[in-house]
Each structure stands twice: as C-alpha cells, then as structure tokens.
Amino acid sequence: MLIPPDDSGVSLSGQTGRAALHTTGAIAWRITVFFLFWGLLLVPAVLPRVWLQELGAHSPALQRFYFDGTGLLASLGACALMVRWVDRKGQVPLGFGRERVVTGLLGGLAGGAAWLAVSLGFVALLDGVAFAPRGDFGGPALGLAAVSLLLNAAVQEVITRSYVFQLLLRRAGPGWAVLVSSVLFTAMHAAVLRGGVLPAVNVFAASVLFGLVLLRTGRLWAVIAVHFAWNFLVGPVLGLAVSGQDLAEGWRVFSLRGPDWLTGGAFGIEGSLVVTLVTLAACGVVGRWKL
C-alpha cells in the first residue's frame, strides 16, 4: 500500500551530486508553491476583519470553527491545484483513498484514546492527576467543539501529510517524508510553544508518530482520527489544556498537579516528559507494526 520513492525507486539518500541537488530543488520549489497557493486561498477568509472580530467577541468557539473550516478548504484547494496544474505528469496521490475508511477512522480513534490513557495513567501513578470536576460543558457546545477539532486536525494533516508528505515520499523516501513533514508540523505550532523545549519535543514526536501511522496505513483517515481523538479527549472531554489553550470554556474533569516536567505546566499534558516517553514508545510500536 505504500508508495515507492520516486519513479525510479531511488530515495534521496541513494542519490549523489547533481541528482540529489536536482531532487532537493524540485521538492523545495513545489512545497513553496503549495504554501503560496494555500496562503492565497486563505486571503478571502480573513478579509471581513470587522465581522471576524465581532464573531470572536460573541463566540470564540464559532470563530475557531470558521477558521478551521476555511483553513481546510484552502489546504484541500492548494493540494488540488498542485496535482492538477503542477504535477500533471505522474500525479502525487493525496492520501484519501476509499479503502478502509471506517477501519482507519475507528482504529485511529482507538489509538488516540489509548495514547492518552497510557499517558494520563503514568502521570496519575506519579500523583500528578486529581479528580476535580468543575463547571458544565453542554451537549451543543461539546458537539461544536468536536466538529471544530475534527476540522482542525484535518487541516493540519492535509497541510503536512497530504501533498507535501506524498511528494517527499515519492521523491526522497519515507525517512525524509517523516522528518520534513514533522519539522513543518512543529513550525506550525511555534506560536503556542513559546520557546518551551519539552512542548516542542512532544509536538515533533507526535508528528513523527502521525507520519509512521500514515506509512503503515497508506491513508490519512487513521492519522486524522488519532490527532482528533487526542485533542478532543484532552480538551473538551477532560477539560485539560490543549497546547496551552483552554478549549473547554472552564469545564474540567481532572486537574494536573506537580512539577512542570510531569504535568507540562501551562502548556498542559502535551508538555509532560511522560508524554515524551509514551509517544516515543508508540513510535517504536508503530514502526515495527507489520500489516
């Protein structure tokens, strides 16, 4: 199910001299054009500034939903433009196949829940979790948060692991695809990392995990589901911070206590050393997973 690197089957690491330079240049300008397309397609979405400010003041959740939805449309549009007008010969697949859609989604949801459960379990064993319910997060708000976070996970995965990942996979090989897409994924989170080392390490490690899941399944469905499950369960369901942001509007089931290396501090559990170790272990498991 995996796509071989380049049409010749030779990865970037197997090339030398001019061939490697040519491949690197071809990848670089295509990724640059992809992000230019994405930015241009986003421009109409941010033009109604006054309306967006009013929407954010009235309902931050609806504002997030708007940006997540328009961001996904822009990223899918950029992918389509690259495939249709740039890579017309030997088109780059985008990772949205019809095979195993339900299996991928359900497996991803289960995997994301297990990833979080193991992480929280170890933090709890170190006395870092307290049962401290507070507030009320109603059904409509939970539903809106679920849809918004699903769109958010989808847009991040489409940007880093649809056209870009598949381009790198075909022309440079799986190692470069995982590495470069993870660098881009981490850079997309730079604003919320605020210079934190462990948060940055964990975001990068999570992206490596997503890349490995994509290599093993060949489709984006499981990757999006894993990403969504983690964010949705951490934020709206449990009321913990997601990348330093409160997505539960004051609602919570648990609170974290203890040193920052254990709880992640203001960044939330995603900045915990425990999550680092669990994510690295998950990468090892998925990396050795035989289909």
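Being a predicted model, the structure only gives us computed values, none of them experimental.

### Focus on the packing of helix H7 (residues 174-188) against helix H9 (residues 197-217)
Logical step 1: H9 packs onto H7 with a crossing angle of 140° between their chain directions and a minimal axis gap of 9 Å. In terms of their interaxial angle, H7 and H9 are classed as oblique. H7 and H9 meet at a crossing whose hand is right-handed. Across from Pro174, Val178, Leu179, Ser181, Ser182, Val183, Phe185 and Thr186 in H7, the residues of H9 making contact are Ala200, Val203, Phe204, Ser207, Val208, Phe210, Gly211 and Leu215.
Logical step 2: For the contact of H7 with H9, the per-class residue count stands at 11 nonpolar, five polar and no charged.

### Considerations on the nonpolar core
Logical step 1: Phe34, Trp115 and Tyr163 are the most contacted members of the largest nonpolar core, which totals 65 residues.
Logical step 2: The dominant element in this core, judged by the number of residues it contributes, is H9, at nine residues.
Logical step 3: Sequence-distant contacts of Trp115, defined by excluding residues within four places in its chain, comprise Ala206, Leu209, Phe210, Val226, Trp230, Val278 and Thr279.

### Here we look at the pattern of salt bridges
Logical step 1: Summed over the entire model, instances satisfying the criterion amount to four salt bridges.
Logical step 2: Measuring nitrogen to oxygen at the nearest pair gives 2.5 Å for the salt bridge that ties Glu157 to Arg161. Here Glu157 pairs with Arg161, and both are found in helix H5 (residues 139-161), just four residues apart, close to one helical turn.
Logical step 3: In this structure Arg161 comes out as buried when scored by relative accessible area, which is 0%.

Parameters at a glance
- Residues numbered from 1 in each chain as written.
- Predicted model: local features only at pLDDT ≥ 70, side-chain atom pairs only at ≥ 80, totals over all residues.
- Heavy atoms only, no water.
- Axes fitted to C-alpha atoms, helices over the stretch in contact; angles between N-to-C directions.
- Helix = DSSP H or I, 4+ residues; strand = E, 2+ residues; numbered from the N terminus.
- Parallel < 35°, antiparallel > 145°, perpendicular 65-115°, else oblique.
- Left-handed = near helix turned anticlockwise from the far one by under 90°.
- Contact = heavy atoms within 4.5 Å.
- Nonpolar A, V, L, I, M, F, W, Y, C, P; charged D, E, K, R; others polar.
- Core = buried A, V, L, I, M, F, W, Y, C linked by side-chain atoms within 4.5 Å.
- Buried < 20%, exposed > 50% of the residue type's maximum accessible area, 1.4 Å probe, protein only.
- Salt bridge = Lys/Arg side-chain N within 4 Å of Asp/Glu carboxyl O.

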